[in-house]
Amino acid sequence: MRRLSADVVVIGGGATGAGVVRDVAMRGYSAILVDRADLAQGTTGRYHGLLHSGGRYVVSDPRSATECAEENAIVTRIHADAVERTGGLFVVTPADDLEFSDRFLRGAIDTKVPVEEISLAEAFKREPRLNPGIQRAFAVQDGSVDGWQMVWGAANSAKNYGAQILTYHEVVKIDTADGAVKAVHCVDRKTGEDVAIEAGFVINAAGAWSGRIAAMADCPDVEVVPGRGIMIAMNHRLVNHVVNRCVYPADGDIIVPVHTVCIIGTTDVKADDPDHLSIPRDEVQKMLDDGDLLVPGFREARAVHAWAGARPLVKDARVSATDTRHMSRGMSVLDHAERDGVKGLLTITGGKLTTYRLMAEHVVDQMCEQLGDPRPCRTADEAVPKSESGANYLVTHRLGEREHDRLDDQVLCECELMTKKMFVEALDEQPRGSFDDLRRQLRLGMGPCQGGFCSMRATGVALETGHIDIDRATELLRLFLKNRWIGLWPILHGEQLRQTALDNWMFHSTLNIDHLPESTQEVAL
Ligand SMILES: Cc1cc2nc3c(=O)[nH]c(=O)nc-3n(C[C@H](O)[C@H](O)[C@H](O)COP(=O)(O)OP(=O)(O)OC[C@H]3O[C@@H](n4cnc5c(N)ncnc54)[C@H](O)[C@@H]3O)c2cc1C
């Protein structure tokens, strides 16, 4: 058994946990973050990509609206490399009630969310594909944010302040004694080794799974309801601004341009288990229809991938237990000393990715108060590594970089312009990483071919450079294709069906991938 100790153990490596570990480390505590998978592989890696301006909540949730507006400015600055300042529009489509747009405008003034009404001519100039029947348009400061990059930025900042980040470490038990938390027990999922971490304080940031973590410390009935939402990526940026319907928050009312694609979302249905989220075909159809209302012709465009995530919604006594659309998006901190008589344990959940930093600040303030050791939060003052220049992400940046190395660096993924050098550097940094771990950082296989060509090339390069042997290569490739398939089958029609048939022929006929020898190595995660 490996034994470690830290002032603070943070459970969960999504946006919230990464924000907490960064904050704790910047305040001078020794800290360890554990996640059962890679960073941002939970809800944070399965969300819509919108850095909220606050506009969405000006009528439904004024407090969240103000928090989003303030945090939008901070996150754009401290995570410059992960945020694209696309700007956003709220538009009243022919199907929407014009009266709501007056409430929207009043709400924006009350909540201090910057909103400017623009002429329809200006709206069509900014977004030529918009529904020509729109009745009114407002400009807001929405952006798009890469959740993986943001979380790794926060984690790398925490590391620079001495924190340890342990991915693939699953918490299986929490020791308490004399009414306080003493240690967190994990299993290293890559090696099978048991790991015991002696902890002065534990912060549970396990999102939709935080009820299960609290129960391990004898704190029962923490009800976090997983609110399942699906999203679909289309193969182009059909819009270059975030386009929202100006309505009370509903399904399928936002299109977000993210990197080279745009994403329509989302639904909101109570799920029973955050580990098993379905992508029903009727919801896929609804998303495409809703997209069509904002951008006519949307449903004829090529859908490349679908996925689902689970909102960690704290059960709200005001609404029915299954009505997740109307449960609060606000953050909740549970003090288990007060609630369950277990000292040294706080749960932080709810909220949004946009407000992750503020959530961390709240919970770490509360921890300091309990420890009688007030130390100020500095996370808003300092940019994370690679964002120090303040230059925000530009979708054309890889194309610009190719201008300099196009003669001596080979492209492995044409859709996302991922080069051999980028792939090999990532492998050097994460020699035990799966191709999905690398995908989240490099966008390997996230374009129209969904890995059809690039996954084969990437496997060859990993073999050729000696990073993996033939057994592991086969298993990693199989796992990667299997995971891509989960997001492909619900949207198979039109051009994407032809592409998938081609990929299938290559992998199953030419490579006969299903019948290559089984590996003795455990890579299925
Ligand atoms: C469909 C959808 C769309 C959304 N769109 C947006 C948006 O556009 N903009 C926005 O601001 N917000 C959005 N959100 C909300 C936002 O994504 C979430 O609020 C946020 O990502 C939650 O982060 P988290 O860190 O709390 O949870 P998670 O990211 O789920 O992190 C929890 C972590 O805990 C880990 N864990 C679980 N069990 C264990 C264990 N036993 N041991 C160790 N680790 C464990 C998991 O692996 C996971 O990584 C959306 C949410 C959904 C579902």
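Residues numbered from 1 in each chain as written. Predicted model: local features only at pLDDT ≥ 70, side-chain atom pairs only at ≥ 80, totals over all residues. Heavy atoms only, no water.

Trainee: Which parts of the structure should I look at to understand the overall build of the chain?
Mentor: What the chain contains, in helices and strands, is 15 helices and 22 strands. Computed over the C-alpha atoms, the radius of gyration of the chain is 23 Å, within 12% of the 24 Å expected from 2.2 N^0.38 for a compact globule of 525 residues. Counting only C-alpha atoms, the chain reaches 65 × 60 × 45 Å along its principal axes. For the chain, with 525 residues in total, the buried portion stands at 58%. Counting only contacts in the chain whose residues sit at least 6 apart along the sequence, the fraction spanning at least 24 positions is 74%. Summed over all atoms, the accessible surface of the chain reaches about 21600 Å², with 51% contributed by carbon and sulfur. Within the chain, one finds 58 positive and 76 negative side-chain charges whose respective centroids are separated by 1 Å. (Helix = DSSP H or I, 4+ residues; strand = E, 2+ residues; numbered from the N terminus. Rg over C-alpha atoms; globule rule 2.2 N^0.38 Å. Buried < 20%, exposed > 50% of the residue type's maximum accessible area, 1.4 Å probe, protein only. Contact = heavy atoms within 4.5 Å. Areas by Shrake-Rupley, 256 points an atom, 1.4 Å probe, with all protein chains shown as cover. Lys, Arg positive; Asp, Glu negative; His and termini not counted. Charge placed at Lys NZ, Arg CZ, Asp CG, Glu CD.)

Trainee: Even after reading the chapter, I still don't get the site of the ligand, so can you show me in this structure?
Mentor: Taken together, 33 residues form the shell around the ligand, and within it Thr16, Asp35, Thr44, Leu50 and Thr354 come nearest. Thr43 places a main-chain nitrogen or oxygen 2.9 Å from an oxygen atom of the ligand. Between an oxygen atom of the ligand and a side-chain N or O atom of Thr44, the distance comes to 2.5 Å. Relative to its unbound accessible area of 1000 Å², the ligand is 96% covered by the protein chains. When residues of the shell around the ligand are traced back to their parent elements, those giving at least two are helix 1 (15-26), strand 10 (169-177), strand 13 (224-234) and strand 18 (303-314). Each residue belonging to the shell around the ligand can be placed in one class, and the counts come to eleven nonpolar, 17 polar and five charged. (Near = heavy atom within 4 Å. Polar contact = N/O pair within 3.5 Å; in protein donor to acceptor, adjacent residues only side chain to side chain. Nonpolar A, V, L, I, M, F, W, Y, C, P; charged D, E, K, R; others polar.)

Trainee: I would appreciate a short explanation of the pattern of salt bridges in the present structure.
Mentor: Opposite charge on two side chains makes pairing possible when the charged atoms of those side chains draw close. By the definition in use, this model includes 36 salt bridges. Close ionic contact of Arg2 with Glu193 constitutes a salt bridge, the shortest N to O distance being 3.1 Å. Residue Arg2 is found in strand 1 (residues 2-11), and its partner Glu193 is found in the loop between strand 11 (180-188) and strand 12 (194-204); the two are separated by 191 residues along the sequence. By relative accessible area, Glu193 is classed as partly exposed at 30%. Between Arg136 and Glu117 there is a salt bridge, and its shortest N-O distance comes to 2.9 Å. Here Glu117 lies in strand 6 (residues 115-118) and Arg136 lies in strand 7 (residues 136-140), a separation of 19 residues in the sequence. Owing to a relative accessible area of 17%, Arg136 belongs among the buried residues under this scheme. (Salt bridge = Lys/Arg side-chain N within 4 Å of Asp/Glu carboxyl O.)

Trainee: Would you mind showing me how to read the packing of aromatic side chains here?
Mentor: Two aromatic rings are characterised by how far apart their centres lie and by the angle between their planes. Per the counting criterion, the structure on display carries four aromatic pairs. Between Phe90 and Phe104, the ring centres sit 4.8 Å apart and the planes meet at 35°, which makes this aromatic pair tilted. Linking Phe90 in strand 5 (residues 88-92) with Phe104 in helix 3 (residues 98-111), this pair joins segments that are 14 residues apart in sequence. Both residues of the pair, Phe90 and Phe104, count as buried. Geometrically, the ring pair formed by Phe435 and Phe480 is edge-to-face, given 6.5 Å between the ring centres and 75° between the ring planes. Of this pair, Phe435 sits in helix 12 (residues 435-442) while Phe480 sits in helix 14 (residues 470-488), and the two are 45 residues apart along the sequence. (Phe/Tyr/Trp six-rings, centres within 6.5 Å; stacked < 30°, edge-to-face > 60°.)

Trainee: What is the right way to look at the side chain of Ser101 in this model?
Mentor: Relative to the elements of secondary structure, Ser101 occurs in helix 3. A distance of 3.0 Å separates the side chain of Ser101 from the side chain of Arg136, its partner in a polar contact. Contact partners of Ser101, with chain neighbours within four places excluded, come to Val92, Arg136, Phe138 and Cys246.

Trainee: Just to check I follow, could you spell out the packing of helix 14 against helix 15 (residues 494-510) for this structure?
Mentor: Between two packed helices, both the angle of their axes relative to each other and the distance between the axes serve to describe the pair. Across the interface, helix 14 lies against helix 15 with an axial gap of 13 Å and an inter-helix angle of 160°. Relative to helix 15, helix 14 is oriented roughly antiparallel. As for the relative orientation of helix 14 and helix 15, their crossing is left-handed in sense. From helix 14, Leu477, Leu481, Trp485 and Leu488 reach across to helix 15, where they touch Gln496, Thr500 and Phe507. Considered class by class, the residues forming the contact of helix 14 with helix 15 number five nonpolar, two polar and no charged. (Axes fitted to C-alpha atoms, helices over the stretch in contact; angles between N-to-C directions. Parallel < 35°, antiparallel > 145°, perpendicular 65-115°, else oblique. Left-handed = near helix turned anticlockwise from the far one by under 90°.)

Trainee: What should I look at first to understand the side chain of Glu283 in this one?
Mentor: With respect to the helices and strands, the residue Glu283 is situated in helix 7 (residues 281-294). Among the residues examined, Glu283 registers a relative accessible area of 11% and is labelled buried. Among the polar contacts listed, one links the side chain of Glu283 to the side chain of Thr267, at a separation of 2.9 Å. Dropping the residues within four chain positions of it, Glu283 is found in contact with Arg228, Ile230, Thr267 and Val269.

Trainee: Would you explain the nonpolar core in this entry?
Mentor: Note that soluble globular proteins tend to have their nonpolar side chains buried in a common cluster. Val20 and Ile203 are the most contacted members of the largest nonpolar core, which has 45 residues in total. Put simply, the parts of the chain that give this core at least two residues each are strand 1, helix 1, strand 2 (31-34), helix 2 (62-78), helix 5 (147-160), strand 12, strand 20 (345-350) and helix 9 (356-371). Setting aside anything within four residues of it in sequence, one finds Ile203 in contact with Val8, Val9, Val10, Ile11, Val20, Leu346, Ile348, Val363, Val364 and Met367. (Core = buried A, V, L, I, M, F, W, Y, C linked by side-chain atoms within 4.5 Å.)

Trainee: I tried to follow the domain arrangement of the chain on my own but got confused; where do I start?
Mentor: Accessible area lost upon the coming together of the parts is a frequently used measure of interface size. According to the domain assignment, the chain contains domain 1 (84-141 + 226-317) and domain 2 (397-515). Once you take the C-alpha centre of each, domain 1 and domain 2 turn out to be 30 Å apart. Each partner contributes residues to the interface: domain 1 has 16 residues there, and domain 2 has 17 residues. Across the domain 1/domain 2 interface, buried area totals approximately 1400 Å², and carbon plus sulfur atoms make up 54% of it. Contact with domain 2 buries surface across domain 1, with Arg281, Arg302 and His305 losing the most and accounting together for 40% of the total. Counting across the interface, domain 1 meets domain 2 through zero salt bridges. Applying the counting criterion to the domain 1 and domain 2 interface returns seven residue pairs in polar contact (both at pLDDT 80 or more). Where the side of domain 1 that touches domain 2 is concerned, the elements lending two or more residues are helix 7 and strand 18. If one sorts the elements of the side of domain 1 that touches domain 2 by residue count, strand 18 sits on top with four residues. Each residue belonging to the side of domain 1 that touches domain 2 can be placed in one class, and the counts come to nine nonpolar, four polar and three charged. (Domains from an automatic or database assignment. Buried area = accessible area lost by both parts, 1.4 Å probe.)

Trainee: Just to check I follow, could you spell out the packing of helix 1 against helix 9 for this structure?
Mentor: Orientation of helix 1 relative to helix 9, taken along the N-to-C sense of each, is 55°, at an axis distance of 8 Å. By the angle class used here, helix 1 and helix 9 are oblique. When you trace helix 1 past helix 9, the crossing you get is right-handed. Residues Ala15, Thr16, Gly19, Val20, Asp23 and Val24 of helix 1 form the contact with helix 9, whose own contacting residues are Tyr356, Met359, Ala360, Glu361, Val363 and Val364. Across the contact of helix 1 with helix 9, the residue classes break down as eight nonpolar, two polar and two charged.

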